[in-house]
Amino acid sequence: MFAVTASVLRRGALRYRDSQRTMATIVSGNKTAKLVKDRLKKEVAAMKDQFPGFRPGLVVLQVGDRDDSNLYISMKLKAAAEIGINANHIRLPETATEDEVLQRIVAVNENPAVHGLIVQLPLDSINPMNTEKVTNAVAPEKDVDGLTSINAGKLSRGDLGDCFIPCTPNGCMELISQTGLSVMGKNAVVIGRSKIVGAPMHDLLLWNHATVTTCHSKTLDLAEQVGRADILVVGAGRAEMVKGEWVKEGAVVIDCGINHIPDSSKASGKRVVGDVHYPSATERAGYITPVPGGVGPMTVAMLMKNTVESAKRFLQKYTPGKWNIEYTKKNPLEPQLSDAEISCSCQSKTIGQLAREVGLFSEEVEPYGRSRAKIRLDALKRMEKQPDGKYVVVTGITSTPLGEGKRTTALGLAQALGAHLNINTFACVQEPSPGSFFGARGIAVGGGYSQIIPLEEALFDLLVPLREGQRSVSPAQLNRLTKLGIEKSDPLTRTEIRRFVKLDIDPDTATDSGSLENEIMAILSLSSSEEEMQQRLAKIVVATNKSGDPVTTEDLDVSGPLAMLLKDALKPVLMQTVEGTPAFLHTSPLADIAQGSPSILADKLALKMVGSEGFVVTESGHGADIGLEKFFNIKCRYSGLRPDVVVIVATVRTLKMHGGAPPVQAGLPLPKEYSQENLKQLEGGCCHLKRQIENAQAFGLPVIVAVNKFSGDTDPELELVCGQAREAGAFDAVQCTNWSEGGAGALALAEAVQRAAKLPGQFSFLYDTQIPAADKLRTVAQKMYGAKDIDLSPKSKEKLALYTKQGFGNLPVCIAKTHLSLSNDPMLKGVPTNFMLPITDIKAHVGAGFLCCMTESTNTEMDDPMWPCFHGNNLYSDSK
């Protein structure tokens, strides 16, 4: 009985002693990580509510296929999915080179939809990899691992609010905060000095006002140092190296180690332990993290926290879907400078900066000099799932030979929407044809403070390209420089470049280069991809055999080489306006014998880039009767794009001409009637404007009239034109001064376009392509030109029969007639009626996809090139 009593007493004594010893409180990483992730989940949901469609983006880049890396990545992807982060895993094979890895990193760096990039280490490649170089290639603002030298440097100097802290030390700090212990003034010891844990942990504790000692493998008095620590963080990578008796009573112990030691009781024959001997340390520490279930879960949670923080910083700088673009609003000078003087006086940003501002990746941009770049078609493939923006087409009325500012108004409208209303806006205009380039309209694309800059430098880059950093100047070009008195070839001043590229060719001396060039240019303009371009080139009909069958370029086996030659020409050219608005210059199909508008590719790419709330302002050649009709019935039919708004550009002087004023001739002063106010004559000319408004409305879209104001126009004249336009059914009519004021002069137009774009679209084509070709011709002639009927010549009837037999009868029609009148007679102004439209010949441009129908007034000649394509070639040369 005594023995039993003694045994009971002994057990009671043991229980008493145990109750006097306070065991360490376990700081659970799993529970803390869950709290962090729950908080992040709410923050992400709030972001989505504030910015619909927005989600923080994370990319994990892996090289190779290591099992441990796959496990860590799966944990990260799972955590991201729980929080609402859009996470993607990019796995490169073990054969990947360092350059390939760096290219992928650059692409992710430039993707605005990605806010965090993790390079999973180690890099498991059979090729040499510089891990430091690879990790430092990550953009610091996306380095959510906190491993780049820039983020490490900011942490070391205490810039905690302007960097990303490595996830494990950040998680350690979160666990310390869970204990309720203030770090300020405490003695902290960090064991280990790795770049991932030890070194950043030291900096983090130091800048949270602890007194920090870092210990490592060479520390002699390790136990003594540990014994002084109020906070102990261990990341040495050695199993159970820190003994419990070293730990200070009541200390906070954070164990970052993950080690495996033998354990026969486990099915795997081993178990996971930390760097601290857990059983003995729990007897002295006040708080301790377990292994596993301590720091590990916090590392993933802090990675998610950094990603969400990166997304927050992104939203502080950018509005989702909005470009972070710098515009340069101009203050016009008095007196007004010339187009060339304005172009030379404007300082444009580099094309690389502009490309980044509008969301293009560096791998998609091929710079040609400082101010111009080709855009690779990969950009369109990348953005193919993005919604299109609003599509605005600018056309005109039947103008004088001087032109009435249609392109200038298009660029001014784009500048007003972009620089002044802060809407993503792209201008898409044709490359200037050589005839307009060196003729009466001058060298500028646009004019005044609404033009593309710097055009002379772009031309110089085309004519004298850079090769390996050097200008490739041909002997003929050197001779030209010598004739101009310029004794150098590179670098040239802007003035010298302008003198070099401006040949001042007389358009009257131009010779016919044939219809093949016309069709190839049309094909470039109408193709949506390299594949489609090659298919169209293969369909070009070059002849007919004796059996009446078409002979194509594919039959001659030249369509492939043609496509190779034109591959780079298919890429839109990125430039900018005076105010920094992005613009694509691409292709220049003639508006009479082709569709006369910028390329489909330029429009499609721009529509994706501006986003669903942005605007793309494009143009159609000549008046609404010619250019707009072809824009809709040919270009839109093949592109699948449907415009939202039509803008018609009109001028007082043109309407005076249609009201009976003497004809205007290029190169001669305006007749005095144009400088005198004559409201009756002007009102009579407004019948032409009304007809062009009806032409545009035939396609079911809202029409806005932009009255391009000239210095001699009076207020009563301008008000009369606007009033007549509204009476004719225009959605609105506004005055524009964009030539002299840039985007500010087109603000009223921009606001009208915004309002009109909100109307529901009712777009429709003018005719069905399945009806007979003669009926399509008749429809266009009667509905667009006001003709009584068409008059087919015997040759035209014969061609129509042949093309119908060959299977080309269902193509759209392209009527080639004068742009100086609604009729076939360039001298008939106003609204001619009761006339027959003579069709003298028809050509099947099968590659381009239309039947080109000639009239008596057709000019099929191409303008001379800016520089003969054969320059630099000689029959005899000193060099062999």
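It should be emphasised that the depicted structure is a prediction, and the values quoted were computed from it without experimental measurement. (Residues numbered from 1 in each chain as written. Predicted model: local features only at pLDDT ≥ 70, side-chain atom pairs only at ≥ 80, totals over all residues. Heavy atoms only, no water.)

## Considering the overall build of the chain
Point 1. In terms of helices and strands, the chain carries 31 helices and 32 strands.
Point 2. Looking at the 880 residues of the chain, the share that counts as buried comes to 52%.
Point 3. Restricting to contacts in the chain with at least 6 residues of sequence separation, those with at least 24 account for 73%.
Point 4. By element, 52% of the accessible surface of the chain is carried by carbon and sulfur atoms, the whole surface being about 38,700 Å². (Helix = DSSP H or I, 4+ residues; strand = E, 2+ residues; numbered from the N terminus. Buried < 20%, exposed > 50% of the residue type's maximum accessible area, 1.4 Å probe, protein only. Contact = heavy atoms within 4.5 Å. Areas by Shrake-Rupley, 256 points an atom, 1.4 Å probe, with all protein chains shown as cover.)

## Comments concerning the packing of helix 2 (residues 29-50) against helix 3 (residues 67-83)
Point 1. The N-to-C vectors of helix 2 and helix 3 enclose an angle of 50 degrees; their axes lie 8 Å apart at closest approach. As far as their axial angle goes, helix 3 and helix 2 are oblique. Of the residues in helix 3, those touching helix 2 at K37, L40, K41 and V44 are A79, E82 and I83.
Point 2. Partitioning the contact of helix 2 with helix 3 into residue classes produces 4 nonpolar, no polar and 3 charged. (Axes fitted to C-alpha atoms, helices over the stretch in contact; angles between N-to-C directions. Parallel < 35°, antiparallel > 145°, perpendicular 65-115°, else oblique. Nonpolar A, V, L, I, M, F, W, Y, C, P; charged D, E, K, R; others polar.)

## With respect to the nonpolar core
Looking at soluble globular proteins, one finds that nonpolar side chains tend to be buried together.
Point 1. Ranked by size, the top nonpolar core spans 109 residues in total, and within it F584, F632, L689 and L851 carry the most contacts.
Point 2. Discounting residues that sit within four places of it in the chain, L689 has contacts with I397, I648, A650, L655, V705, V721 and A725. (Core = buried A, V, L, I, M, F, W, Y, C linked by side-chain atoms within 4.5 Å.)

## Here's the deal with the confidence of the model for the chain
Point 1. When pLDDT is averaged along the chain, the result is 85, and 86% of the positions lie at 70 or above.
Point 2. Scored below 50 in pLDDT, residues 503-513 makes 21 contacts in the model with residues more than four places away or belonging to other chains.
Point 3. When the criterion is pLDDT under 50, residues 860-880 qualifies, and its contacts beyond four places in sequence or with other chains add up to 43 contacts. (pLDDT = per-residue confidence, 0-100.)

## Details of the packing of helix 15 (residues 406-420) against helix 29 (residues 747-757)
Point 1. Across the interface, helix 15 lies against helix 29 with an axial gap of 8 Å and an inter-helix angle of 80 degrees. Between helix 15 and helix 29, the interaxial angle falls into the category roughly perpendicular. Facing helix 15, whose interface residues are T409, L413, A416, L417 and H420, helix 29 presents L747, L749, A750, V753 and Q754.
Point 2. When its residues are assigned to classes, the contact of helix 15 with helix 29 shows 7 nonpolar, 3 polar and no charged.

## Describing the pattern of salt bridges
Point 1. Counting across every chain of the model gives 33 salt bridges.
Point 2. Connected through salt bridges with shared partners, the residues E366, R376, D378, D568 and K571 form a single ionic network. (Salt bridge = Lys/Arg side-chain N within 4 Å of Asp/Glu carboxyl O.)

## A short note on helix 15
Point 1. For helix 15, built from 15 residues, the straight-helix expectation of 21 Å at 1.5 Å per residue is met to within 8% by its first-to-last C-alpha distance of 20 Å.
Point 2. By the criterion of burial, helix 15 is predominantly enclosed, with 13 of the 15 residues buried.
Point 3. One or two residues past the end of helix 15 sits N422, with phi positive at roughly 55 degrees. (Expected span 1.5 Å × (residues − 1).)

## Quick look at the side chain of T818
Point 1. Relative to the helices and strands, T818 is located in the loop between strand 29 (813-816) and strand 30 (836-839).
Point 2. Given the relative accessible area of 9%, T818 is considered buried.
Point 3. Separated by 3.1 Å, the side chain of T818 and the backbone nitrogen of L820 make a polar contact. (Polar contact = N/O pair within 3.5 Å; in protein donor to acceptor, adjacent residues only side chain to side chain.)

## Concerning the sheet that holds strand 32 (residues 850-854)
Point 1. The 3 strands are arranged 29-32-31 in an open sheet whose pairing can be described as mixed. Since the sheet does not close on itself, it has two edges, and those belong to strand 29 and strand 31 (841-845), each with one partner. Taken over all neighbouring pairs, the strand axes of this sheet differ in orientation by 25 degrees on average, direction set aside.
Point 2. Sheet topology note: the strand 29/strand 32 ladder contains 4 bridges and is parallel. The residue of strand 32 that forms the bridge with V813 is L851.
Point 3. Against the sheet, helix 20 (residues 515-526) contacts strand 31 and strand 32, and its axis sits at roughly 50 degrees relative to strand 31.
Point 4. In this fold helix 30 (residues 773-785) packs onto strand 29 and strand 32, with an angle of close to 55 degrees to the strand it touches most, strand 29. (Pairing = 2+ DSSP bridges.)

## Considerations on the sheet that holds strand 2 (residues 57-63)
Point 1. In space, the 3 strands of this open sheet follow the order 3-2-4, with parallel pairing throughout. Two strands in the sheet have a free side with no partner beyond their single neighbour: strand 3 (86-92) and strand 4 (116-119). Averaged over all pairs of adjacent strands, the angle between their axes in this sheet comes to 15 degrees, without regard to strand direction.

## Details of helix 27 (residues 715-727)
Point 1. When the terminal C-alpha atoms of helix 27 are compared, their 18 Å separation across 13 residues agrees well with the 18 Å that a helix rising 1.5 Å per residue should span.
Point 2. Packed against the buried residues of helix 27 are helix 25 (652-658), helix 26 (679-697), strand 26 (703-708) and strand 27 (732-736).
Point 3. Remark: G729 follows helix 27 within two positions and exhibits a positive phi of approximately 105 degrees.

## Section: the environment of L828
Point 1. Checked against the element boundaries, L828 lands in the loop between strand 29 and strand 30.
Point 2. By relative accessible area, which is 38% here, L828 ends up partly exposed.
Point 3. Each C-alpha atom of the pair L828 and H658 lies 8.7 Å from the other, and the pair is 170 residues apart in sequence.
Point 4. Every residue in contact with L828, bar those within four places of it in the chain, is listed here: L820, S821 and S823.

## Observations regarding a nonpolar patch on the surface
Point 1. There is a patch of nonpolar side chains on the surface, built from L71, Y72 and M75 and spanning about 290 Å² of accessible area.
Point 2. Inspection of the secondary structure puts Y72 in helix 3.
Point 3. Owing to a relative accessible area of 41%, Y72 belongs among the partly exposed residues under this scheme. (Patch = residues over 30% accessible without salt bridge, like charges linked within 9 Å, V, L, I, M, F, W, Y side chains within 5 Å.)

## What about the packing of aromatic side chains?
A ring pair, where both rings are aromatic, is described by two values, the distance of the centres and the angle of the planes.
Point 1. In total, this model carries 9 aromatic pairs according to the counting rule given.
Point 2. On the basis of an interplanar angle of 90 degrees and a centroid distance of 5.9 Å, the ring pair of W323 and F426 is categorised as edge-to-face. Here the residue W323 occupies a position in the loop between helix 11 (295-317) and helix 12 (339-345), and F426 occupies one in strand 15 (residues 425-429), the gap between them amounting to 103 residues.
Point 3. Judged by its relative accessible area of 0%, F426 is buried. (Phe/Tyr/Trp six-rings, centres within 6.5 Å; stacked < 30°, edge-to-face > 60°.)

## Here's the deal with the pairing of strand 23 (residues 582-585)
Point 1. Neither face of strand 23 is open: one carries P582 and F584, the other A583 and L585, and all of them are buried.
Point 2. Here 4 bridges tie strand 22 (residues 573-577) to strand 23, and the two strands are oriented antiparallel to one another. Directly across from M575, in strand 23, lies its bridge partner A583.
Point 3. The hairpin turn running from strand 22 into strand 23, its antiparallel successor, is 4 residues long, and G580 in that turn takes a positive phi close to 90 degrees.

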